[in-house]
Amino acid sequence: MHHFKYRGDELYCEDVSIEKIADAVGTPFYLYSAATLERHYRAFEDALKTTDHLICYSVKANSNLAILSQFARLGSGFDIVSGGELFRALKSGGDPKKIVFSGVGKTREEIREALAAGILMFNVESLQELHEIDSVAAAAGKTAPVAFRVNPDVDPKTHPYISTGLKQNKFGIPVVQALAAYRTAQSLPHVTPIGVDCHIGSQLTEIAPFVDALTRVKDLVAQLRDDGFEIRYLDLGGGLGITYDEEEPPHPTKYGRELIENTVGLGCTLILEPGRVIVGNAGIMVTRVLYTKQNLGKKFVIVDAGMNDLLRPSLYQAYHRLQAVRRRITEMVLADVVGPICESGDFLAQDREIQPYEKGDLMAVMSVGAYGFAMASNYNTRPRVPEVLVSDDRYYMIRRRETLAELIAAEEVPDFLRNP
Ligand SMILES: *Cc1c(COP(=O)(O)O)cnc(C)c1O
């Protein structure tokens, strides 16, 4: 459920006309609905309310400060994967005691910053990383709380680029090596194992892989307890999918119920790291048709947003629904919707049934709140587009359009290349 709906034939975000925003801020831009963000967060929170839990919103899905601030106010913790995300989480008023730090390549500097902030725990992905954390913590005179990210070797049945819990993926340590790893941690003076972590992939539309993974990590928790470890946190990562097209992912309520049923009596605080399921359908991208053309029987609609603004179609062959900001009830046509970037991979949709768009029309690219703006780049020297947040009948610029001067601000031409 989201708050992007037609009133008559005009698309609105909550109580604001999208055309009005486009006229004011220009195109393309990302547009989020505060009511939708809150609704999705609360649905997740409600689904888990009968069990001891902590939601750590996955910052990488959408890291705008305004959105992080909204989640922090709602009581969310954060799952971070870099020092940059730590910086954002803290700037947004995030409680360090609710921050978990994931990722296969944490640097000493990032570890130092996270320790100084006093985060809840490090999700450790290798023995070398464990030793690094121990050494940084020793230098800081601290003890680092850790969990190992274990790889349960289950197939999440999603796109290969976003499946992470198979034995051939780079993430975590094999579950069969976990006990030995925890014993190593026990022997180091500046780390304390307090949890077990796993994250098997993203955009999962079935519950079975989550339950399979949970079953495997639960066995590990039992084993560790027998071995004398005090495991207080069970982190099951994120990954719950959303409807982009025809997918029918389980509702958070059902997902929550399954997790709760499968963790009764375990005595762990359940940590979840949802990203996409909370922000995905709470954001759209609005783009304007620049031109249309027909090349030997193939129709193209050329819009002002490209793969640098929204990478998902090019990177993952992702499907995003397209909706006319002003819809006309006419016969549909088959066309490719493409951007201005000099790459054939630069498309928003291929061979798609759409209304016959005309030059100047506005198009809404749906479900881009997750991994949309967050993956945007400046390729082709294109300034990153604005982000706008609607709440009821008002809209707020939460990121203005980048300027050309900002794009070159960090660059320098050495003396020998300067014109005389
Ligand atoms: C990306 C990621 C998430 C969030 O995944 P979603 O599919 O967006 O829910 C959670 N945890 C970790 C470790 C991740 O890398």
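### Some points on the site of the ligand
Right, on to step 1. Neighbouring the ligand are 14 residues, the closest being Lys60, Ser202, Glu273, Arg276 and Tyr371.
Right, on to step 2. A distance of 2.3 Å separates an oxygen atom of the ligand from a polar side-chain atom of Ser202.
Right, on to step 3. Relative to its free-state accessible area of 390 Å², the ligand is covered by the protein chains to the extent of 93%.
Right, on to step 4. Of the residues assigned to the shell around the ligand, the class counts are two nonpolar, seven polar and five charged.

### Thoughts on the side chain of Glu402
Right, on to step 1. Summarising the element assignment, Glu402 is placed in the loop between β21 (394–399) and α12 (404–408).
Right, on to step 2. Note on Glu402: relative accessible area 12%, which makes it buried.
Right, on to step 3. Within polar-contact distance, the side chain of Glu402 engages the backbone nitrogen of Arg384 at 2.8 Å.
Right, on to step 4. With near-sequence residues (within four places) excluded, Glu402 lies in contact with Asn378, Pro383, Arg384 and Leu407.

### So, the state of the cysteines
Every disulfide links exactly two cysteines, by a covalent bond between their sulfur atoms.
Right, on to step 1. Following the criterion strictly, the structure yields zero disulfides and no others.
Right, on to step 2. Cys198 forms no disulfide, and the closest cysteine sulfur to it belongs to Cys268, at a distance of 12 Å.
Right, on to step 3. The buried category is assigned to Cys198, whose relative accessible area is 2%.

### Observations concerning the packing of helix α7 (residues 178–187) against helix α8 (residues 208–226)
Right, on to step 1. Relative orientation of the contacting elements α7 and α8 amounts to 45 degrees, with a least axis distance of 10 Å. Looking at the two axes, α7 sits oblique to α8. For the pair α7 and α8, the crossing hand works out as right-handed. Between α7 and α8, the residues in contact are Ala178, Leu179 and Tyr182 and Leu220, Gln223 and Leu224, respectively.

Rules of the game
- Residues numbered from 1 in each chain as written.
- Predicted model: local features only at pLDDT ≥ 70, side-chain atom pairs only at ≥ 80, totals over all residues.
- Heavy atoms only, no water.
- Near = heavy atom within 4 Å.
- Polar contact = N/O pair within 3.5 Å; in protein donor to acceptor, adjacent residues only side chain to side chain.
- Areas by Shrake-Rupley, 256 points an atom, 1.4 Å probe, with all protein chains shown as cover.
- Nonpolar A, V, L, I, M, F, W, Y, C, P; charged D, E, K, R; others polar.
- Helix = DSSP H or I, 4+ residues; strand = E, 2+ residues; numbered from the N terminus.
- Buried < 20%, exposed > 50% of the residue type's maximum accessible area, 1.4 Å probe, protein only.
- Contact = heavy atoms within 4.5 Å.
- Disulfide = S-S within 2.5 Å.
- Axes fitted to C-alpha atoms, helices over the stretch in contact; angles between N-to-C directions.
- Parallel < 35°, antiparallel > 145°, perpendicular 65-115°, else oblique.
- Left-handed = near helix turned anticlockwise from the far one by under 90°.

So yeah, pure geometry; function would need other evidence.
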